[in-house]
Number of protein chains: 2
Amino acid sequence: MIKPNMHYAELKDAYLFYNIAQKTKRYLEEHPGQRLLRLGIGDVSLPLCPAVIKALHEAVEDQSQQERFHGYMPEPGAPFLRHDVAEYYRKRNIDITDDEVFISSGASDELGDILDLFDSNGSSLIMEPAYPAYVDANVIEGRRIIHVPSSRENSFIPMPDEPADLIYLCSPNNPTGAVFTKEQLKVWVDFANEHDSVILFDAAYEAFIEDPSLPRSIFEIDGARTCAIEICSLSKTAGFTGTRLGYTIIPTQLERYDMSLHDMWIRNRTTKTNGISYILQKGGAAVFSEEGQRQIQENLHVYKNNAKVIMKALDEADIWYTGGKNAPYIWMECPNNMDSWTFFDTLLNEIQVVGTPGSGFGSCGEKYFRFSSFGNPEDTQEAATRLATLLKRL
Amino acid sequence: MIKPNMHYAELKDAYLFYNIAQKTKRYLEEHPGQRLLRLGIGDVSLPLCPAVIKALHEAVEDQSQQERFHGYMPEPGAPFLRHDVAEYYRKRNIDITDDEVFISSGASDELGDILDLFDSNGSSLIMEPAYPAYVDANVIEGRRIIHVPSSRENSFIPMPDEPADLIYLCSPNNPTGAVFTKEQLKVWVDFANEHDSVILFDAAYEAFIEDPSLPRSIFEIDGARTCAIEICSLSKTAGFTGTRLGYTIIPTQLERYDMSLHDMWIRNRTTKTNGISYILQKGGAAVFSEEGQRQIQENLHVYKNNAKVIMKALDEADIWYTGGKNAPYIWMECPNNMDSWTFFDTLLNEIQVVGTPGSGFGSCGEKYFRFSSFGNPEDTQEAATRLATLLKRL
């Protein structure tokens, strides 16, 4: 009998978002006509910007014309988009060549697929609280997971201790919004080079960094080219959550056991894909145009303002939190030593605000709570007003 | 030091299409101004049909409007498209439920990813000649490959012999164009059930089947629901090679070791993807509309006619071949016992026609040659005329 991948049996049930959905559904059934203010979702609320829409329409039109029709695309990505992404780095004086850029269907797809490059008998270090899929993808592969908890004591910025084969870093962080400084990231890069580890750097939220002293790419750090892969996405940068597009940087000199991870990834993509949609790649290229960059900044500004509105409410109540600055997430300590789900229920029942319990991102997230700045501005303002009033009362 | 997946070192270099590209490039350099007639590519040449273009434009427009904007899509696929695909089966009296349909980025992506469901210590049976990615994806996983050669003696339709955990079947076949009858496929299904194997049925070319007695889905065969996964694509059916979209059918009762492969795949997709592009799924849904079905048949008719034109030339020269009927590929025996690359060179140099050497699909493809019907009709006609003349002369 064929044996399934038995590691699936080791996966914990994904209760977090399911439980949130169940609880909000029940609340609405019991309180018909009530409207919930949703600050829980990681999804964006603003539509694609006009430059992207125009490019997508043009690309669709190309697919309707024999002379302009595009069939199979090169598996590592369309040369025009690989070039645009590399330029996006080079404009910031980060030396990335076009062929170090791989176009993907998005960061979550790539974070799952990239494990193909490594022996599954290795270990993976995951900073927690963490995006749950990091853990699950490694459980499916049967990799040993080294959970590295973080806490208020280190401002949710853990530093290296136990060596690991693969190291997941996410900065700005989901869920905590914490951002590595260059000095902190340098310690991780040196640690990875010393132990010949590979860092998977999830830069999905890089566009939220406003402080020019903070690194938006791990390749701003000396030594990263021999130890890091950067995985990025247009989901949060340009509202592509439902449109799908991302990119991955694998330096040509990243080698282990004399094998080029860059060349292995080309081979993986040519074997396991037939390239990314021409239409989506044209839409993605528009994000990197001058007009596109200006327009996405307008959208990012709305989200950044949402974060400010939430932070103001927390500041008034003297609540400790990370994120909000240079990050779309705000990670707050629950008031009165409340646990995460009790605070969730309180917000839902008392002020009809939905957020995300921190315990869903790992046990060290207990007694913390995540707000997202991706919501509707009016709802976010109203939620913040109610939150400020509630926190004074609790 | 982190250990890469060392199986990559066992991959053979992918010479086939590279060599074709090099040889044609050299020919054109030596013969400036010559035009080549390309019957080698597996890519389509006709643009997307109007119904799909209209749906894509509308979906792009949705992404521009706050009220109609779509963020993250459900990971197994948009309910509207899962329903349309299931209906496509149900209209042919194949009992597939909506939730047995998974939307994918295409068949090649899914054929690579689906291996995640199985223990990598198992064996994979691959009928040869075969699509090279079947072999490579299994080499990357370190699975034991059982190569099952086919030949003119069995009309390139091999029947089961040695048991295997995973069984790859492709019908209509790439590269041979051979199509299983229901009776032949039933033997494979019974064999898989007897040995508790799982069949991966690649149905990418099902839309080319005209003979109503031939199975277009493995789920037309009794017993398939307990042993088969069907992987399909809109690439050849509707010209989506560069637009990307596919679907996979996993029956709810497909279980091994008491684990539901259907439920495991939901968990895989929610972990390793964030769903497929809303825009592409809307375009895909248009393929299944009444108008879309009529329009894609017009395109398929062009390709089917190309196949007839090539077959006529081969028939006149009394050349043995499979495919062409109910399949977009024609798999011919090279004349005069020529080997595949010699025939390739002869066609290129003598009549400026580019095809695909059969030896590139496995050693049992030596002395065979593949023509594709996806080319331009005028070029195909001209190539067939020159081919008929050449074959008389050889």
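This one's a predicted model, so the numbers in the text were calculated from it and none came from an experiment.

### Things to note about the overall build of chain A
Looking only at helices and strands, chain A has 12 helices and 15 strands in total. Over its C-alpha trace chain A gives a radius of gyration of 21 Å, about what one expects of a compact globule, namely 21 Å for 394 residues. Judged by the C-alpha coordinates and their principal axes, chain A covers about 60 × 55 × 50 Å. Looking at chain A as a whole, 63% of its 394 residues are labelled buried. By sequence separation, contacts in chain A at least 24 residues apart represent 72% of the contacts at least 6 residues apart. A total accessible area of about 14,500 Å² is found for chain A, and carbon and sulfur atoms account for 48% of it. Positive and negative side-chain charges in chain A, numbering 37 and 56 respectively, have mean positions lying 4 Å apart.

### Re a negative patch on the surface
Taken together, the side chains of Asp99, Glu255, Asp258 and Asp263 of chain A define an acidic patch exposed on the protein surface. A relative accessible area of 36% means that Asp99 of chain A is categorised as partly exposed.

### Thoughts on empty space enclosed by the protein
This model, assessed by the stated rule, comprises 9 cavities of 30 Å³ or more. Put simply, the largest cavity is a space of about 240 Å³. For the largest cavity, the lining is made up of 21 residues, of which Ser105, Asp109 and Asp113 of chain A together with Ser105 and Asp113 of chain B are closest to its centre. The space that makes up the second largest cavity amounts to roughly 110 Å³. Surrounding the second largest cavity, 14 residues form its lining, Ser105, Ile276 and Leu280 of chain A together with Ser105 and Leu280 of chain B being those nearest its centre. For the lining of the second largest cavity, the class distribution of residues is 4 nonpolar, 6 polar and 4 charged.

### Topic: the state of the cysteines
Working definition: the covalent bond between the sulfur atoms of two cysteines is a disulfide. All names here are of chain A. Under the defined criterion, the tally for this structure stands at 0 disulfides over all chains. Left without a disulfide partner, Cys49 is nearest to the cysteine sulfur of Cys232, which lies 16 Å away. In this structure Cys232 is a free cysteine whose sulfur lies 10 Å from that of Cys170, the closest cysteine sulfur available.

### Observations regarding the packing of aromatic side chains
Residues and elements named next belong to chain A. One pass over the full model with this rule turns up 40 aromatic pairs over all chains. Taking 5.3 Å as the distance between ring centres and 75 degrees as the angle between the ring planes, the aromatic pair formed by Tyr205 and Tyr329 counts as edge-to-face. One end of the pair, Tyr205, is in the loop between strand 6 (198–202) and strand 7 (228–233); the other, Tyr329, is in strand 12 (residues 329–333), and 124 residues separate them in sequence. Here Tyr205 and Tyr329 have matching classes, each one buried. Aromatic side chains Phe208 and Phe374 sit 5.6 Å apart centroid to centroid with 85 degrees between the ring planes, which places their arrangement in the edge-to-face category. Here the residue Phe208 occupies a position in the loop between strand 6 and strand 7, and Phe374 occupies one in the loop between strand 15 (368–372) and helix 12 (377–393), the gap between them amounting to 166 residues. Residue Phe208 is classed as buried on the basis of its relative accessible area of 2%.

### Examining the interface of chain A and chain B
Listed by partner, the interface residues are 78 residues for chain A and 78 residues for chain B. Between chain A and chain B lies a buried interface of about 6,700 Å² when both sides are counted; carbon and sulfur atoms form 60% of it. The tally of links from chain A across to chain B stands at 2 salt bridges. Between Asp136 of chain A and Arg267 of chain B there is a salt bridge, with its nearest N and O atoms 2.9 Å apart. Viewed at the interface, chain B and chain A are joined by 35 residue pairs in polar contact (both at pLDDT 80 or more).

### Structural notes on a nonpolar patch on the surface
A cluster of nonpolar side chains, contributed by Met1 and Met6 of chain A together with Tyr257 of chain B, occupies part of the molecular surface with about 280 Å² of accessible area. Secondary-structure assignment places Met1 of chain A in the segment before helix 1 (16–30).

### Quick notes on the sheet that holds strand 11 (residues 321–323) of chain B
Residues and elements named next belong to chain B. Judged by pairing direction, the sheet is antiparallel, and its 4 strands sit side by side in the order 11-12-15-14 without closing on themselves. Looking at strand neighbours, the two that pair on one side only are strand 11 and strand 14 (356–357), the edges of this open sheet. As defined by bridge partners, strand 11 adjoins strand 12 (residues 329–333) across 3 bridges and the pair is classed as antiparallel. Each bridged residue has a counterpart across the sheet, and for Gly323 the counterpart in strand 12 is Ile330. Sitting on the sheet, helix 10 (residues 290–316) is in contact with strand 11, strand 12 and strand 15 (368–372), with an inclination near 15 degrees to strand 12.

### Some thoughts on the environment of Ile330 of chain A
Residue and element names in this part refer to chain A. Tracing the chain through its elements places Ile330 in strand 12. With relative accessibility at 1%, the residue Ile330 sits in the buried group. Considered as a pair, Ile330 and Phe344 are 14 residues apart in the sequence and their alpha carbons are 15 Å apart. For Ile330, the residues in contact, after removing those within four places along its chain, are Ala307, Ile310, Met311, Leu314, Tyr321, Thr322, Gly323, Gly324, Phe369, Arg370 and Phe371.

### Section: the relation of the copies chain A and chain B
Overlaying chain A with chain B gives an RMSD of 0.0 Å, the required rotation being 180 degrees about an axis along which the chain moves by 0.0 Å. Taken together, the rotation angle and the small translation identify this as a two-fold axis. Rotation axis and chain A: the residue whose C-alpha lies nearest the axis is His57 of chain A, separated from it by 3.0 Å.

### Quick word on the pattern of salt bridges
Scanning the model with the defined rule gives 40 salt bridges over all chains in all. Among the salt bridges present, the one from Asp116 of chain B reaches Lys272 of chain B, with a minimum N-O distance of 2.6 Å. Pair noted here: Asp116 of chain B is in the loop between helix 4 (107–113) and strand 3 (123–128) and Lys272 of chain B is in helix 8 (residues 261–272), with a separation of 156 residues, a long-range link. A single burial state applies to Asp116 of chain B and to Lys272 of chain B, both of which are buried. Through salt bridges with shared partners, one network takes in Glu87, Arg90 and Asp98 of chain A.

### A few points about the side chain of Thr248 of chain A
Residues and elements named next belong to chain A. Of note, Thr248 is situated in strand 8 (residues 246–249). Thr248 sits in the buried class, given a relative accessible area of 0%. Among the polar contacts listed, one links the side chain of Thr248 to the side chain of Glu110, at a separation of 2.8 Å. Ignoring anything within four residues of it in the chain, the contact list for Thr248 reads Glu100, Val101, Phe102, Glu110, Ile114, Ile229, Glu230 and Ile231.

### A look at the packing of helix 2 (residues 50–62) of chain B against helix 9 (residues 278–287) of chain B
Residue and element names in this part refer to chain B. Viewed as axis vectors pointing N to C, helix 2 and helix 9 meet at an angle of 150 degrees, and their least axial separation amounts to 8 Å. Taken together, the axes of helix 2 and helix 9 are roughly antiparallel relative to one another. Helix-helix and strand crossings are classified by hand; for helix 2 and helix 9 the assignment is right-handed. Seen from helix 2, the contacting residues are Ala51, Val52, Ala55, Leu56, Ala59, Val60 and Asp62; seen from helix 9, they are Tyr278, Ile279, Leu280, Lys282, Gly283, Ala286 and Val287. Looking at the contact of helix 2 with helix 9, its residues break down into 11 nonpolar, 1 polar and 2 charged.

### Notes on unusual backbone geometry
Residues apart from glycine generally show negative phi values, whereas peptide bonds are mostly found in trans. Backbone torsion omega between Asn174 of chain A and Pro175 of chain A reads 20 degrees, so that peptide bond is classified as cis. The backbone of Asn337 of chain B sits at a positive phi, close to 60 degrees, despite the residue not being glycine. Looking at the secondary structure, you find Asn337 of chain B in the loop between strand 12 and helix 11 (340–351). Judged by its relative accessible area of 56%, Asn337 of chain B is exposed. Not every positive phi belongs to a glycine, and Gln352 of chain B is a case in point at roughly 55 degrees. Tracing the chain through its elements places Gln352 of chain B in the loop between helix 11 and strand 13 (353–354).

Rules and cut-offs
- Residues numbered from 1 in each chain as written.
- Chains lettered and ligands numbered in written order.
- Predicted model: local features only at pLDDT ≥ 70, side-chain atom pairs only at ≥ 80, totals over all residues.
- Heavy atoms only, no water.
- Helix = DSSP H or I, 4+ residues; strand = E, 2+ residues; numbered from the N terminus.
- Rg over C-alpha atoms; globule rule 2.2 N^0.38 Å.
- Buried < 20%, exposed > 50% of the residue type's maximum accessible area, 1.4 Å probe, protein only.
- Contact = heavy atoms within 4.5 Å.
- Areas by Shrake-Rupley, 256 points an atom, 1.4 Å probe, with all protein chains shown as cover.
- Lys, Arg positive; Asp, Glu negative; His and termini not counted.
- Charge placed at Lys NZ, Arg CZ, Asp CG, Glu CD.
- Patch = residues over 30% accessible without salt bridge, like charges linked within 9 Å, V, L, I, M, F, W, Y side chains within 5 Å.
- Salt bridge = Lys/Arg side-chain N within 4 Å of Asp/Glu carboxyl O.
- 1 Å grid on protein atoms, 1.4 Å probe; cavity = no way out; pocket = protein on both sides within 12 Å on 5 of 7 lines; lining within 4 Å.
- Points joined across faces, edges and corners; volume = space filled by probe spheres on them.
- Nonpolar A, V, L, I, M, F, W, Y, C, P; charged D, E, K, R; others polar.
- Disulfide = S-S within 2.5 Å.
- Phe/Tyr/Trp six-rings, centres within 6.5 Å; stacked < 30°, edge-to-face > 60°.
- Buried area = accessible area lost by both parts, 1.4 Å probe.
- Polar contact = N/O pair within 3.5 Å; in protein donor to acceptor, adjacent residues only side chain to side chain.
- Pairing = 2+ DSSP bridges.
- Axes fitted to C-alpha atoms, helices over the stretch in contact; angles between N-to-C directions.
- Least-squares fit on C-alpha atoms with pLDDT ≥ 70 in both.
- Parallel < 35°, antiparallel > 145°, perpendicular 65-115°, else oblique.
- Left-handed = near helix turned anticlockwise from the far one by under 90°.

By themselves, these are just geometric observations and shouldn't be taken as functional.
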